[in-house]
Amino acid sequence: MNNLPSNSLKESLLNSFGFNDFRPGQEQTITQLLNGQSSLSIFPTGSGKSLCYQLTALHLPHLTLVVSPLLALMKDQLSFLASKGIKAASIDSTLKGNEAQTVMAGVRDGDIKVLMVSVERFKNERFRQFIESVPVSMLVVDEAHCISEWGHNFRPDYLKLPSYCQALKISLVLLLTATATRKVKQDMAAKFSIRDEHIVQTGFYRQNLDLSVLPVAESHKNNQLEKVIKAQQGAGIVYVTLQHTAEKVAQYLKQYGINACAYHAGFDSDTRSQIQQDFMEGKIQVIVATIAFGMGIDKSDIRFVIHYDLPKSIENYSQEIGRAGRDGLPSQCFTLANLDGLNTVENFVYGDTPEFAGIERLLNIIKSEIITSAYGGVSDSKWELQILQLSNAVNIKQLPLKTLLVQLELAGVIEPLYAYFADFKIKLLKPKAEIINRFNDQRKDFLQRIFNATDFKKVWGSLNFDTLLQDKSIERNRVIAALEYLAEQQLIVLETKGMTEVFKVNPNELADPSLCSSLSNYFKDNEEKEIKRIATLVRFFQLDTCLTVNLARYFDDNCFDAAGVNHLGTVPQCGHCSVCRGQVAVLEHSQAQIPWPSDEALKQGMTELAERLSGKINQALSLESYCRFFAGMTVPLFGRNKVRQLSGFGLCEQQRYQAIRDRVFPLFADLKK
Ligand SMILES: [Zn+2]
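About the thresholds
- Residues numbered from 1 in each chain as written.
- Predicted model: local features only at pLDDT ≥ 70, side-chain atom pairs only at ≥ 80, totals over all residues.
- Heavy atoms only, no water.
- Donors = N, O, S within 2.8 Å, 3.2 Å for Na, K, Ca; no water.
- Tetrahedral: all angles 85-135°; square planar, octahedral: opposite > 155°, others 65-115°.
- Buried < 20%, exposed > 50% of the residue type's maximum accessible area, 1.4 Å probe, protein only.
- Helix = DSSP H or I, 4+ residues; strand = E, 2+ residues; numbered from the N terminus.
- Expected span 1.5 Å × (residues − 1).
- Arc of directions from axis to C-beta.
- Phe/Tyr/Trp six-rings, centres within 6.5 Å; stacked < 30°, edge-to-face > 60°.
- Lys NZ or Arg CZ within 6 Å of the ring centre and 35° of its normal.
- Pairing = 2+ DSSP bridges.
- 1 Å grid on protein atoms, 1.4 Å probe; cavity = no way out; pocket = protein on both sides within 12 Å on 5 of 7 lines; lining within 4 Å.
- Points joined across faces, edges and corners; volume = space filled by probe spheres on them.
- Nonpolar A, V, L, I, M, F, W, Y, C, P; charged D, E, K, R; others polar.
- Salt bridge = Lys/Arg side-chain N within 4 Å of Asp/Glu carboxyl O.
- Domains from an automatic or database assignment.
- Core = buried A, V, L, I, M, F, W, Y, C linked by side-chain atoms within 4.5 Å.
- Contact = heavy atoms within 4.5 Å.
- Axes fitted to C-alpha atoms, helices over the stretch in contact; angles between N-to-C directions.
- Polar contact = N/O pair within 3.5 Å; in protein donor to acceptor, adjacent residues only side chain to side chain.

Moving on: the coordination of the zinc ion. The protein atoms that coordinate the zinc ion are Cys546 (SG), Cys574 (SG), Cys577 (SG) and Cys580 (SG), at distances of 2.3 Å. Bound by four donor atoms, the zinc ion shows angles of 97 to 118° at the metal and therefore tetrahedral coordination geometry. Positions of the donor residues of the zinc ion along the chain correspond to the pattern C-x27-C-x2-C-x2-C. Overall, the relative accessible area of 0% leaves cysteine 577 in the buried class.

Structure below.
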């Protein structure tokens, strides 16, 4: 491992990136990594986390593999690296034709030093084969808090990264995140055996951010927003929860002479990048955005960030306000708050909890689909799935279903064996004979057999693996390697679809009678945790002690406690938040309580739903299904059967989910009599 003295690190920083000095935490992280010490770095958003791996990668002998949760983040980091002349690439779903092969060839040649992928890419058979064949010096996990079940944005597939890391024999790991509570931090470090002394955390506190909570009734929000913006100077972001709110609010502001523009994931990528560019160049003063905006925005002079709706969590809040004032100049952060939108935020959580019946169905499906094979006296039970079909079959949304599968893995019920593509499609770029004739006799024969097993239509041919592999001398891996080679040589275009995951099943664990309820409890616990997280958020905005100090403590930054223990023994104060200015916020429900629909209307809705779904599932509809229907939540069963068109859908969407349950329960009980 290269062990560079610190002056040559600085030289490298200047030569490769054009910066004179490291920002806090960067040098320590890079030095640790170059000493072979896996590290966890927690820096606030926009303080140069990525540079830690980018500079290190230049001094490592082999590839740096970066796992990133968002395509937008990857693209931003790639264009930054490209602007510095550093060869980096990503393998992602937007690559067309042979682009992935070109990237793989570049990595193999050592030409590309940094490769970015999503965590899901590891399930891809072609990618696994490839990455196992190249040496990797370092694994970087961006937004690493996704690995912790205690944090926000938990992504079940991240839990498998430690085992991927072992399988690929990567000994050096860097975890990067902007926000971590103490619990999340310890959890992340433990999962990758990172030692305490290799956790690098810079201060969380930002002196130039002024925090204000403004309690406001829903009907006055637009007016209040306009006033707040007109009192500001410079560029700003207004965050909203829903796409249509973004458009309505931007429209309102324009009407009142403010140069504002909506931004959300519903726009196509060209429109989005145009808006970003106009904002960067100062052609737009205010962006009204859903959280999709700002991940990759590197605009240092954003003077204000306003939360029009309550943020999703304290972690989200701190990330979003963190986009203001990166130049260090004073910047304002406002939250326009009341309790009206709370049920919407809570309902997102309830909508994701799988029903007990759904979990039961999944376990039954596994039991009935096990394929048992015996060779060499050892019997082996396998089960395979395609996620979309399974999601429909068990009526659980894809994300919670993936969580459920990871929980089954962690409980030892299933073990991932491999994943493969059910469909291989081939397009010839040269005549068949010409391709075959390029190779020696043995290979000619092998290719001929592959082509023989391919059913060519006009342009594309689909390979029938079952036919091909009947010849026991042919191995699937060799076939794929050959096709990849042809694609790399631009002789064919290869397309793969129908990702199928294969698991080994442990029948004893699967037969455990308490399995279903323990899984169900896991999700109930998570639901409770999430609902509590929302309550903590609401409490935060109503605190009667300094907001800044509380926020810093939440993220385990005790700077105020160390430096600021004042002789009066009072709670430390930042002096630049609304509470320090004597304004303690009290949040209220501002809209008149929306009346409940009558029993008759609800009963009619239930009948409607039951009729629409009759014959579509092989059991009676559950209480939860009716509640979700009235709350306007979508589950796979609803989507497929166009339940949205029914008049009862979303009939109670203004109500809290728990209240809907209480209201529907007696009607449901009647129905079952
Ligand atoms: Zn304060």
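Looking now at helix H4 (residues 71-83). Between its terminal C-alpha atoms H4 stretches 18 Å, which fits the 18 Å expected from 13 residues at 1.5 Å a residue. Taken residue by residue, H4 has Leu73, Met74, Gln77, Leu78 and Leu81 as its buried positions. Mapping the buried residues of H4 onto a view down its axis gives an arc of 130°, with all of them on the same face. Structural note: H4 exposes Ala82 and Ser83 on the side pointing more than 90 degrees away from its buried face.

Turning to the packing of aromatic side chains, a few remarks are in order. If you walk through the whole model with that rule in mind, you get 21 aromatic pairs. Above the plane of the ring of phenylalanine 465 lies arginine 476, whose end atom (NZ or CZ) is 4.2 Å from the centre. Over the ring of phenylalanine 446 we find arginine 478, and its NZ or CZ is 4.0 Å from the ring centre.

Turning next to the pairing of strand E8 (residues 209-215). For E8, the buried fraction is high: six of the seven residues fall into the buried class. By the bridge criterion, seven bridges tie E8 to strand E13 (residues 331-337) in an arrangement that is parallel. Bridge pairing in E13 links aspartate 210 to glutamine 332.

Let us now look at empty space enclosed by the protein. On inspection of all chains with the given rule, the structure shows six cavities of 30 Å³ or more. In this structure, the largest cavity encloses a volume near 200 Å³. For the largest cavity, the lining is made up of 16 residues, of which Phe204, Arg206, Leu209, Ile321 and Leu551 are closest to its centre. In the lining of the largest cavity, the residues fall into nine nonpolar, six polar and one charged.

Another aspect to go through is the pattern of salt bridges. In total, this model carries 30 salt bridges according to the counting rule given. The partner of aspartate 309 in a salt bridge is lysine 221, with the nearest N and O atoms 3.5 Å apart. With aspartate 309 in the loop between strand E12 (302-307) and helix H12 (314-321) and lysine 221 in helix H9 (residues 221-230), this pair connects stretches of sequence that are 88 residues apart. Here aspartate 309 matches lysine 221 in class, with each residue buried. One salt bridge connects lysine 397 with aspartate 352, and the closest N-O pair in it is separated by 3.4 Å.

Further remarks concern the domain arrangement of the chain. Under the domain assignment, the chain is made up of domain 1 (6-201), domain 2 (209-346 + 529-563), domain 3 (356-395 + 414-509) and domain 4 (599-672). Just the C-alpha atoms count here: the centres of domain 2 and domain 3 sit 47 Å apart.

Time to look at the nonpolar core. Core analysis: the largest hydrophobic core is formed by 70 residues, its most contacted members being Leu211, Leu551, Leu609 and Phe638. Of the residues that make up this core, three or more belong to each of domain 2 (209-346 + 529-563) and domain 4 (599-672). Not counting the four nearest positions on each side in its chain, leucine 609 is found in contact with Leu621, Ser625, Tyr626, Phe629, Phe638, Val643 and Leu646. Membership of the second largest hydrophobic core comes to 41 residues, among which are Val107, Val134, Tyr158 and Ile194.

An order of E3-E4-E2-E5-E6-E1-E7 is seen for the seven strands of this open sheet, with the pairing classed as parallel. The open sheet is flanked by strand E3 (88-90) and strand E7 (199-201), the only strands paired with a single partner. Neighbouring strand axes in the sheet, compared pairwise and without regard to direction, differ in orientation by 20° on average. Contacts from helix H2 (residues 26-34) reach strand E1 (39-42), strand E5 (136-141), strand E6 (173-177) and E7, with the element oriented near 170° to E1. Relative to the sheet, helix H8 (residues 182-191) contacts E1, E6 and E7, its axis offset from that of E1 by approximately 155°.

Along the polypeptide, lysine 457 turns up in the loop between strand E17 (454-456) and strand E18 (460-463). Linking lysine 457 and lysine 427, residues 30 residues apart in sequence, is a C-alpha distance of 9.6 Å.

With that out of the way, let us pick up unusual backbone geometry. A negative phi angle is the norm for most residues apart from glycine, just as the trans form is the norm for most peptide bonds. The phi dihedral of serine 193 is positive, around 50°, even though this residue is not glycine. Within the fold, serine 193 resides in the loop between H8 and E7. Judged by its relative accessible area of 62%, serine 193 falls in the exposed class.

So, about the side chain of aspartate 309. Note on aspartate 309: relative accessible area 16%, which makes it buried. There is a polar contact of 2.9 Å between the side chain of aspartate 309 and the backbone nitrogen of threonine 241. Excluding residues within four positions of it along the chain, aspartate 309 makes contact with Lys221, Tyr239, Val240, Thr241 and Thr245.

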